[in-house]
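Fold and geometry: a report
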Amino acid sequence: MSQQHLAAPADETAVATVAQHRDWWRGAVIYQVYPRSFADSNGDGMGDLEGVRARLPYLRDLGVDAVWLSPFYASPQADAGYDVADYRAVDPMFGNLLDADALIRDAHGLGLRIIVDLVPNHSSDQHEWFKRALAEGPGSPLRERYHFRPGKGKNGELPPNDWESIFGGPAWTRVTEPDGTPGEWYLHLFAPEQPDFNWEHPAVGDEFRSILRFWLDMGVDGFRIDVAHGLVKAEGLPDLGDHDQLKLLGNDVMPFFDQDGVHEVYRQWRTVLDEYAGDRIFVAEAWTPTVERTAHYVRPDELHQAFNFQYLSTDWDADELRVVIDRTLDAMRPVGAPATWVLSNHDVTRHATRFANPPGLGTQIRTEGDRALGLRRARAATLLMLALPGSAYLYQGEELGLPDVVDLPDEVRQDPAYFRGAGQDGFRDGCRVPIPWTRTGSSYGFGTGGSWLPQPANWGELSVEAQTGDPHSTLELYRAALAARREHPSLGAGESLEWLPAPDGVLSFRRGEFVCVANTTTTPVTVPSPGRVLLTSGEVTTTGTETTLPADTTVWWTTA
Ligand code: GLC
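Anyway, here's the lowdown on the structure attached to this text. Here, residues in each chain are numbered from 1, in the same order as that chain's written sequence. This being a predicted model, a pLDDT of at least 70 is required before a residue's local features are given, and a value of 80 or more before pairs of side-chain atoms are given or counted; all residues contribute to the totals for chains, interfaces and linings. Neither water nor hydrogens contribute to the side-chain values; these are computed over all heavy atoms in the structure.

A look at the packing of aromatic side chains
To pair, rings of Phe, Tyr and Trp, with the six-membered ring standing in for Trp, must have centres within 6.5 Å; the planes then decide the type, stacked if under 30 degrees apart, edge-to-face if over 60, and tilted in the middle. For the structure on display, the rule yields 34 aromatic pairs. Their ring planes at 75° and their centres at 4.9 Å tell us that Tyr58 and Trp437 sit as a pair that is edge-to-face. With Tyr58 in helix H3 (residues 56-62) and Trp437 in the loop between helix H14 (416-420) and helix H15 (464-467), this residue pair connects regions lying 379 residues apart in the sequence. Between buried and exposed lies partly exposed: a residue is buried under 20% and exposed over 50% of the maximum accessible area for its type, with that area taken using a 1.4 Å probe on protein chains only. Tyr58 gets classed as buried once you look at its relative accessible area, which sits at 10%. Of the residues examined, Trp437 reaches a relative accessible area of 4% and is grouped as buried. Strands here mean DSSP runs of E at least two residues long; helices mean DSSP runs of H or I at least four residues long; both are numbered from the N terminus.

Regarding the nonpolar core
Grouping buried Ala, Val, Leu, Ile, Met, Phe, Trp, Tyr and Cys residues that are joined through side-chain atoms within 4.5 Å yields what is termed a nonpolar core. Residues Leu59, Trp215, Phe223, Tyr266, Trp269, Tyr311 and Trp556 are the most contacted members of the largest nonpolar core, which totals 147 residues. Here this core takes eight residues from helix H6 (residues 202-217), the largest share from any one element. Once residues lying within four places of it in the same chain are set aside, the contact partners of Tyr266 are Ile225, Ala228, Leu231, Tyr297, Asp301, Glu302 and Leu303. Grouped together as the second largest cluster of nonpolar side chains are 18 residues, Trp172, Trp185, Leu187 and Val227 included. Two residues form a contact once any of their heavy atoms are found within 4.5 Å.

Description of the sheet that holds strand E19 (residues 541-543)
Strand order in the open sheet made by the three strands is E17-E20-E19, with antiparallel pairing throughout. Edge positions in the open sheet fall to strand E17 (525-528) and E19, since each of these has one partner strand only. Adjacent strand axes in the sheet meet at a mean angle of 25°, parallel and antiparallel pairs treated alike. The pairing of E17 with strand E20 (residues 546-549) spans four bridges and is classified as antiparallel. Considered in E20, the bridge of Val527 is made with Thr547. Here, a strand pair is defined by DSSP locating no fewer than two bridges between the strands. Lines fitted to C-alpha atoms define the axes here, with helix axes fitted over just the stretch in contact, and angles between the N-to-C directions of these axes take values from 0 to 180 degrees.

Quick look at the site of the ligand
Around the ligand sit 14 residues in total, of which Asp79, Asp226, Glu285, His346 and Asp347 are the nearest. Arg224 is positioned with one of its side-chain polar atoms (N or O) 3.0 Å from an oxygen atom of the ligand. Whenever a nitrogen or oxygen atom comes within 3.5 Å of another N or O atom, the pair is scored as a polar contact, on the condition that within protein one atom can donate a hydrogen and the other can accept it, and that pairs from neighbouring residues in sequence are kept only if both atoms are in side chains. In this structure, an oxygen atom belonging to the ligand sits 2.5 Å away from a side-chain N or O atom of Asp347. Surface accessibility in these figures is a Shrake-Rupley result with a 1.4 Å probe; residues are shielded only by whichever protein chains are displayed. Look at the ligand: alone it shows 310 Å² of surface, and the protein chains cover 98% of it. Following the grouping adopted for this structure description, the nonpolar residues are Ala, Val, Leu, Ile, Met, Phe, Trp, Tyr, Cys and Pro, the charged ones are Asp, Glu, Lys and Arg, and the polar ones are all others, Gly among them. Tallied by class, residues from the shell around the ligand come to four nonpolar, three polar and seven charged. Proximity is defined per residue: any heavy atom of the residue falling within 4 Å of a molecule or strand makes that residue near it.

What about the side chain of Asn345?
Along the chain, the position of Asn345 falls in the loop between strand E12 (340-342) and helix H12 (351-354). Under the relative-accessibility criterion, Asn345 is labelled buried at 6%. For Asn345, the side chain forms a polar contact with the main-chain nitrogen of Asp347, separated by 2.7 Å. Residues within four places of Asn345 in sequence aside, it is in contact with Gln32, Phe309, Leu312, Tyr395 and Cys431.

Read these as layout, nothing more, since geometry by itself doesn't imply function.
Below you can see the structure in the form of structure tokens.
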């Protein structure tokens, strides 16, 4: 299927070096690279794998343990690469398989692990299987690998059921049959260019186990599983009925999400992964109604980690944060999986902008808000997150304190959800703007040929160059926090914390020899100093045995 030839398997010694400590992932800090927007090596305005490879030393110096790459496979880019036409090929706009091989090897040489994104819920409509299914017409066995159905209504003119696409509009599209007549419909939970696979068909499972092996043989250290909760649909594809799908999403088990049948898929995948040396992992993108249901995905014979979207969706509020932290730890403990924490990714408004706006607005925000406030809170939220037991996910650019770009002109937007409207809001381009590396230059060091989404005029001041060496910069805060986690592995380890008494709106907890206090209120608070200050997100004042934290500030102390 692949047009590119296979790179040689990665050097086993390099993999072995990187895999020195078992269970590395339990307390790992994993950095998400969005390849389009990280670094452009060939001046076409679009990031690429060679750009990522050239910047690996930056990531090593930042202090992360692993890099998760969003999809770089052959794709028509109807959903920025989450529509895959060939799972074993690199899209020419990102490079080729040799570049992927070089990237994996270099990362391993620097002690970084590589996690790739796997998209098993749907393919691109340009995938060979789907194109042939269309061409062969109704009754073709290839149609059984997707969800093709006749329409309802007198002439089949109505969709087979009432499900809506997550991006808005019906979850079904009617095809024109090879003889030119309007024919069957196919299911796509996302864009029409992303037909859903039928996971009841054995060929689908066989193909994905083979794809896993392809990338494991290339030497990757793990997979982030896209829409991990979506693969299996309720039998008979039942109507939702008189329900508001948007309200139910994320709050209830849906006939197309979080069905118990998905777990069998992951049990099979786990046996494949476990055949390989090197402590490799799966992380699930599973939007479930509760963190308790998320825990099902990380039972001992399934996946290793799952994103904690309940945490990501929590406002900057001490009481709410404490509830979600406790629930997460309580849910993960019985299954023996580490908690994970995340504040930003390529699908939500960056947390510096979320926290700049009033609480309760959700994760898709279109207004800039109070930027200084947002940044102060983002820094405090990051230090809080990095003091929690478990693994943390960072999204490229958050270490620069980047805000979302809320004023992109409509004509440059590419998010398919934006064009389908009324679905997942569709403002995801704002967090995908290429990141600034240097103070000046055509795209602030992103590349020599501009950038596929325009960067704001002040982006140079937020660049890696501008922030490096400035002790007050957000970049240096991240570097210091990650260095402390490396120096004191117990900071990320373990599965519990001890809450300490604290004033209203303040979170205070102990983890071994560390104490973390986060003031989420709008006024300063004074607390007894438990030891020596290790790191702070803002200026604190210590007088005698007490320390005063300004509004929206987090402090780490060591009592050793
Ligand atoms: C996941 C991805 C998102 C994509 C969707 C469909 O949620 O994170 O970017 O649009 O899946 O693949």
